[in-house]
Each structure stands twice: as structure tokens, then as C-alpha cells.
Amino acid sequence: MSELKSTGKPFDISKGEVWEAYLKVKANQGAAGVDGCTIEEFEKDLRGNLYKIWNRMSSGSYFPPPVKGVGIPKSHGDEVRLLGVPTVSDRIAQTVVAKHLEKRVEPLFHADSFGYRPGRSALDAVSACRQRCWKKKWAIDLDIAKFFDSVRWDLVMKAVESHTDAAWVILYVKRWLAAPVLMPNGTLQQRDCGTPQGNAT
């Protein structure tokens, strides 16, 4: 908490930002996290739940719950990809931060970047590849093995801090990176690198 006392002021997050984040999360649907709360259950006290998120985020007292780890079999071999499923509340909070960062970084991305970007999909990437196949006789297919499992937090934070000086964004990204994962076997896994696929951060 000492990291918050130095500011002496609540963070500048509007209720409208939380509302817009909720609408986006609702549109995406998604499974319940560790608390078992679905979108429908969250909406039973929508006003109170959204107020709680806004109040905690704007005061600096928002701490993410563990992420629910769900094993998804890969299409080849016996390997399993671990997806992280945040709670509905946490997805809304993450979306508030993601929207803040998106405004700043979206104009900087390369025109041929498709992953995790608004208004773009894997099918758009396939379409671009298809058009290029008529122009070139070669293609490069690259994948960074276990990237999400091993990405260094210091590099993530360096990238975040180079695009915003909003203390609340930096604070919450750090907390999300460090949030433990509730594994499918019921154990709580602490981490010191990587981020579960499925998070907004």
C-alpha cells in the first residue's frame, strides 16, 4: 500500500470508462473465473458490482483475484495450452486499462499486425497472406515457443511505461502480471514471469 500513499489522491478513472468496459466484456461473453460468477449473475447487481470496480480502481485498492487456469489440448501432439480465465469483474477492470493503452499504441502498430487488435481478426491475416501468395513465391512461418509462459515482466513494464505515465495503469498491470493461477488440479501457482493467455493484459 505504500506505493499509493505517496500520491494522496484517487486515480482519475471515470464511471463511464467502467461502463464502456462492461459493455465490451458483455459482448464478448466468456466463461466464469475462479469465483464462478457468470455475466448473468454479475448483472443481478450490475450497479453495485460496477460501482465496486470503479471505487476500488480509482482508489488504488483493486487487487486482482487468481486467474482460473484451463487446459486446452493443442491440435498436434499431447501438449496442453494453459488459458487464463479472469473473473467477470477482473475482465472489466482489465478492459478499462486496455482501452487506455489502446488509444496510445494502436496508431503505432504496423499495418500488417493483426493479433489482439480491434477490428482485426485471424481471417484478416489469412486474407492478407492469400493476396501476397500471388506476388511472392516464399513465406516465413515463425512462432516463439512458450512465449506467453516466459515473457519477462520487466520488458512488459518497460513497454507499458514508454506509452503512458498514468500511475494507475502501471500499478494494475504490475498486479495483473503477478496474479497467481488456480491450476486445473486445484493448486495455486505463483509466477515470476509470463502471463496466462486469455488475459487482456
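This structure is a prediction, so every number in the text was calculated from the model and none was measured.

A.B. asks: How should the sheet that holds strand β4 (residues 188-189) be read in this particular structure?
C.D. replies: Working definition: the strands of a sheet are paired by backbone hydrogen bonds and lie parallel or antiparallel to each other. Ordered in space as β2-β1-β3-β4, the 4 strands form an open sheet in which the pairing is mixed. A single partner strand is all that each edge strand has here, and the edge strands are β2 (80-85) and β4. Bridge analysis of strand β1 (residues 67-73) against strand β3 (residues 181-182) gives 2 bridges, and the strand direction is parallel. Its bridge partner being in β3, Lys68 is matched across the sheet by Leu182.

A.B. asks: Teacher, can you tell me more about the pattern of salt bridges here?
C.D. replies: If charged atoms from side chains of opposite charge come close, those side chains can pair. Across all of its chains, the model carries 4 salt bridges by this definition. The salt bridge partner of Lys26 is Glu43, with a shortest N-O separation of 2.8 Å. In this pair, Lys26 sits in helix α2 (residues 15-28) while Glu43 sits in the loop between α3 (39-42) and α4 (46-59), placing the two residues 17 residues apart along the sequence. Taking relative accessible area as the criterion, Lys26 reaches 33% and is therefore assigned partly exposed. Arg132 is the partner of Asp112 in a salt bridge, and the nearest nitrogen-oxygen pair spans 3.1 Å. Note that Asp112 is positioned in the loop between α5 (88-105) and α6 (122-133) and Arg132 in helix α6, a separation of 20 residues in sequence. The class for Asp112 is partly exposed, based on a relative accessible area of 36%.

A.B. asks: How should I be thinking about a nonpolar patch on the surface in this particular structure?
C.D. replies: Side chains of Trp138, Ile140 and Leu142 sit close together on the surface and give an oily, nonpolar patch of about 440 Å² of accessible area. In this fold, Leu142 is placed in the loop between α6 and α7 (147-150).

A.B. asks: How should I be thinking about the pairing of β1 in this particular structure?
C.D. replies: Inspection of the sheet shows β1 paired to β2 by 6 bridges, in the antiparallel sense. Residue pairing for β2: Lys68 is matched across the bridge by Val85.

A.B. asks: How should a positive patch on the surface be read in this particular structure?
C.D. replies: On the surface, Lys24, Lys99, Lys103 and Arg104 cluster together to form a positively charged patch. Counting residues per element, the positive patch draws most heavily on α5, which supplies 3 residues. Mapped onto the secondary structure, Lys99 falls in helix α5.

A.B. asks: How should I be thinking about the layout of surface pockets in this particular structure?
C.D. replies: Where empty space is left becomes clear once a probe the size of a water molecule has been rolled over the atoms. In this model, the second largest pocket occupies a volume close to 800 Å³. Ala125, Cys129, Ile140, Asp141 and Leu142 are the residues nearest the centre of the second largest pocket, which is lined by 19 residues in total. Looking at the lining of the second largest pocket, its residues break down into 11 nonpolar, 2 polar and 6 charged.

A.B. asks: Whenever I open this one, the nonpolar core confuses me. Can you help?
C.D. replies: Burial of nonpolar side chains together is a common tendency in soluble globular proteins. Phe42, Met57, Ile92, Val97, Trp168 and Tyr172 are the most contacted members of the largest nonpolar core, which totals 33 residues. For this core, the elements supplying multiple residues, two or more each, are α2, α3, α4, α5, α8 (153-161) and α9 (167-178). Ranked by residue count, the leading element in this core is α9, at 8 residues.

Definitions and limits used
Residues numbered from 1 in each chain as written. Predicted model: local features only at pLDDT ≥ 70, side-chain atom pairs only at ≥ 80, totals over all residues. Heavy atoms only, no water. Pairing = 2+ DSSP bridges. Helix = DSSP H or I, 4+ residues; strand = E, 2+ residues; numbered from the N terminus. Salt bridge = Lys/Arg side-chain N within 4 Å of Asp/Glu carboxyl O. Buried < 20%, exposed > 50% of the residue type's maximum accessible area, 1.4 Å probe, protein only. Patch = residues over 30% accessible without salt bridge, like charges linked within 9 Å, V, L, I, M, F, W, Y side chains within 5 Å. Areas by Shrake-Rupley, 256 points an atom, 1.4 Å probe, with all protein chains shown as cover. Lys, Arg positive; Asp, Glu negative; His and termini not counted. Charge placed at Lys NZ, Arg CZ, Asp CG, Glu CD. 1 Å grid on protein atoms, 1.4 Å probe; cavity = no way out; pocket = protein on both sides within 12 Å on 5 of 7 lines; lining within 4 Å. Points joined across faces, edges and corners; volume = space filled by probe spheres on them. Nonpolar A, V, L, I, M, F, W, Y, C, P; charged D, E, K, R; others polar. Core = buried A, V, L, I, M, F, W, Y, C linked by side-chain atoms within 4.5 Å.

Note that every value here comes from positions in space, so none of it alone points to a role or purpose.
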